[in-house]
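# Coordinate inspection notes
Here are the chains, one letter per residue:
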Amino acid sequence: MSLFKMLYDTYESNQAMVANFYTQYPLCPISHMTASIQIEVTIDDEGTFKDASIISDKKDAETIIPVTDDSAGRANGIAPHPLCDNLTYLAGDYQWYAATKKEADTGKNRFEAYMKELEQWNGSEFCYEKVSAICKYLSQKRLIKDLSEYGIVNLDETGKLTKDKIAGRTYDKCMVRFLVFGTEEPEECWLDKTLFQAWQDYYIHEKKGREDICYLTAKPAAVSDNHPKGILASSYGAKLFSANDNTDFTYRGRFRDGEQAYAFGYEASQKAHNALKWLAKQQGYSIGNSDKRTYICWNLKNIKMPRAGEDLEYEEDVRPNTMPEYRKKLQKFLNGYADNFNATDEIALLTLQAATTGRLSITYYNQLNAMDYFARIRSWYESCCWQFTTFDSQKKPHQEVKTPAIGKIVAYAFGSEQGGMVKVDDKLMIMQYQRLFHCIVDQQRIPSDFTHAIFQKASHPQGYTYGNRERILSTACALIAKYYKDKGVEIEMNLEQNLEKLTGQDRRSFLYGMLLAVYELAERSTYDDKERREPNAIRFQTAFAQHPGATRKIIEEALNPYFNRMTPGTRNYFRKEIGTISEILGAESRIEQNKALNELYLTGYWLERAELYKSKKDA
């Protein structure tokens, strides 16, 4: 199934959500869109002005308004919305209050175009009482005068509109909606479904243009050549469909005109685009700050889906601290979603990004069987996980096994610490995030450059604060576990099990990591509670990963004064640990001793350190 067929079917399957004002995100009817409104004007059914107010609540400002093909996609030029629009279109007296002649002329031309369309609707068989009242009021050309008398807009000493703003918009860009007393309930135009239907029937009846076979429905239909914008709030002017390549290298030599490229029926286009806008609002999430890529995962049933690669939102605050506990909880969590689907249901995955201010690019689209989707998510979360220090609502620390969000993985692998936070460039985040997203939903292997990058970051602990260092280390261990899982080696959070299965360079690196943990904790055991100095094992960790044999000798020599400070029992304990690990390592030649370690030394380091802390706590 194609993307737009899926969107069209989504609209058809969710008719109950069309103009459903009991939900946070109602689905827009055909020939309508949502707009942020700043001014509310109240009139009666005879077109007499009664009241005006500023809409300060952002949620209340979101309003469904009628639109035309041209007005929904307008950029420059004159293309009035049929009912609710900005003051330059609605105010017949705007030209008399405008600060410059150019603004006055613009207001005059826009108002004339607006009133022409409104009067045509009002004079048709699809006329509606609220439309008649609004038409009567606006034909009086006194909207600015009424708004100024009610203190909604301000005039300067010359009687012209000031440069003040309402909700961040200058007066010329302020949108207006109407409430009409004395008409059928609801009196609010933006809640009246009968009004929506009246406009829809009128516009489709009057719509002129070429007829063709719609590529989506395979039925004859009035074809739309001007498709809606505003799919993503962050890239409001960007469109998915446009065909204006009619100069120079016309349509790359493939077509003579845009009509040969595609034929998309008006109603089908409206349904697909409105469904996409609706999905982006309620289920989309963006990656990046200034440059953004939006991810949407949905299904025809409109059931909320877990976001692949993001933190899982558990209902209860029970934190698993072992792998079996975590996997059991993960299975329960995903089964809760999977139970809502049957074996034939489909899940759609879509990513969008504005290529330019006017073009929206589809960077990824796929459809998966619902059960397959949950299986792939489970596979990722089960194999890419490790123990982290997290904090509860009372800010108490806990040890919790979890899967790091892929945004965090990207930041820790390719970012740097800035002001106590690990940050990464937007373009790098967007690119690398999608690579990991493919690893989850397409079951691709972890790219080796990811494990190498985070291995390098975790091997430079002095470049980070303690908290960030620990999060990077746990994230690195999770990613390394997934990387080796893809190669057929199961890395567990258990020293003995890993030592039994690892061989060769992997086993050697793992053991050297264990040795580094012993060096660190041996020195730390001599510190008092106030000492925050980094031990030699941390200071030399970067060199240790590159030249373990030579660096090991330096660290061991630096440890001798600390051994002298220990009690005999503690000294014997740490020397025994060092001796045991050294014995397993066995004798190495000078060349072998200084071969660089691979990423598994980090897991050996983490596990040995955790074991030593546990032994200390138990003692």
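As a reminder, the structure under discussion sits directly above these lines.
Here goes a summary of the coordinates provided. (Residues numbered from 1 in each chain as written. Predicted model: local features only at pLDDT ≥ 70, side-chain atom pairs only at ≥ 80, totals over all residues. Heavy atoms only, no water.)

## Considerations on the packing of helix 15 (residues 448–458) against helix 16 (residues 466–486)
Just so we agree on the cut-off: Lines fitted to C-alpha atoms define the axes, with helix axes restricted to the stretch in contact, and inter-axis angles between N-to-C directions lie between 0 and 180 degrees. Under the DSSP-based scheme used, a helix requires at least four consecutive residues in state H or I and a strand at least two consecutive residues in state E, with every element numbered from the N terminus. Any angle between 65 and 115 degrees counts as roughly perpendicular, while under 35 counts as roughly parallel, over 145 as roughly antiparallel, and the rest as oblique. Take the far helix as the reference: if the near one is turned anticlockwise from it by less than a right angle, the crossing is left-handed, and if turned clockwise, right-handed. Contacts are assigned to residue pairs with any non-hydrogen atoms lying within 4.5 Å of each other. Charged means Asp, Glu, Lys or Arg here, nonpolar means Ala, Val, Leu, Ile, Met, Phe, Trp, Tyr, Cys or Pro, and polar covers whatever is left, Gly included.
Helix 16 packs onto helix 15 with a crossing angle of 150° between their chain directions and a minimal axis gap of 9 Å. On the basis of their axis angle, the class for helix 15 and helix 16 is roughly antiparallel. Like other packed secondary-structure pairs, helix 15 and helix 16 cross with a definite hand, here left-handed. Counted together, Ser448, Phe450, Thr451, Ile454, Lys457 and Ala458 of helix 15 and Ile472, Thr475, Ala476, Leu479 and Tyr483 of helix 16 form the full contact between these two elements. Across the contact of helix 15 with helix 16, the residue classes tally to 7 nonpolar, 3 polar and 1 charged.

## Description of the sheet that holds strand 7 (residues 176–181)
Selection criterion: Paired strands are those between which DSSP finds at least two bridges.
The sheet built from 3 strands is open, its strands ordered 3-2-7 with mixed pairing. Across the chains shown, the open sheet's two edge strands, defined by having one partner strand only, are strand 3 (49–54) and strand 7. With strand direction ignored, the average angle separating the axes of adjacent strands in the sheet is 20°. In this structure, strand 2 (residues 39–44) lies alongside strand 3, joined through 5 bridges in antiparallel fashion. Counterpart to Ile39 in the pairing with strand 3 is Ile54. Along the sheet face, helix 7 (residues 129–138) touches strand 2, strand 3 and strand 7 and points at about 115° away from the line of strand 7.

## Some thoughts on helix 1 (residues 3–13)
Note the following rule: Each residue's exposure class comes from its accessible area (1.4 Å probe, protein chains only) as a fraction of the maximum for that residue type: buried when under 20%, exposed when over 50%, partly exposed otherwise.
Within helix 1, 8 of the 11 residues are buried, which leaves it mostly tucked inside the rest of the structure. Within the span of helix 1, buried status applies to Leu3, Phe4, Met6, Leu7, Tyr8, Asp9, Thr10 and Tyr11. Close packing links the buried residues of helix 1 with helix 10 (266–283), strand 11 (293–298), strand 12 (346–354) and strand 13 (360–369).

## Focus: the sheet that holds strand 10 (residues 285–287)
Sheet architecture is open: 4 strands sit in the order 10-11-12-13, paired in antiparallel fashion. Strands with a single pairing partner mark the edges of an open sheet, and in this sheet they are strand 10 and strand 13. Between one strand and the next, the sheet's axes are offset by a mean angle of 20°, whatever the strand orientation. One ladder, built from 3 bridges, connects strand 10 with strand 11; its direction is antiparallel. For Tyr285, the partnering residue across the bridge sits in strand 11 and is Tyr295.

## Some details on the packing of helix 13 (residues 406–414) against helix 14 (residues 426–441)
The N-to-C vectors of helix 13 and helix 14 enclose an angle of 125°; their axes lie 9 Å apart at closest approach. The angle between helix 13 and helix 14 places the two elements in the oblique class. Between helix 13 and helix 14 the crossing geometry is right-handed. Where helix 13 abuts helix 14, its residues Ile406, Gly407, Ile409, Val410, Ala411 and Phe414 lie against Leu428, Met429, Gln432, Tyr433, Leu436, Phe437 and Ile440. Class assignment of the residues belonging to the contact of helix 13 with helix 14 gives a composition of 11 nonpolar, 2 polar and no charged.

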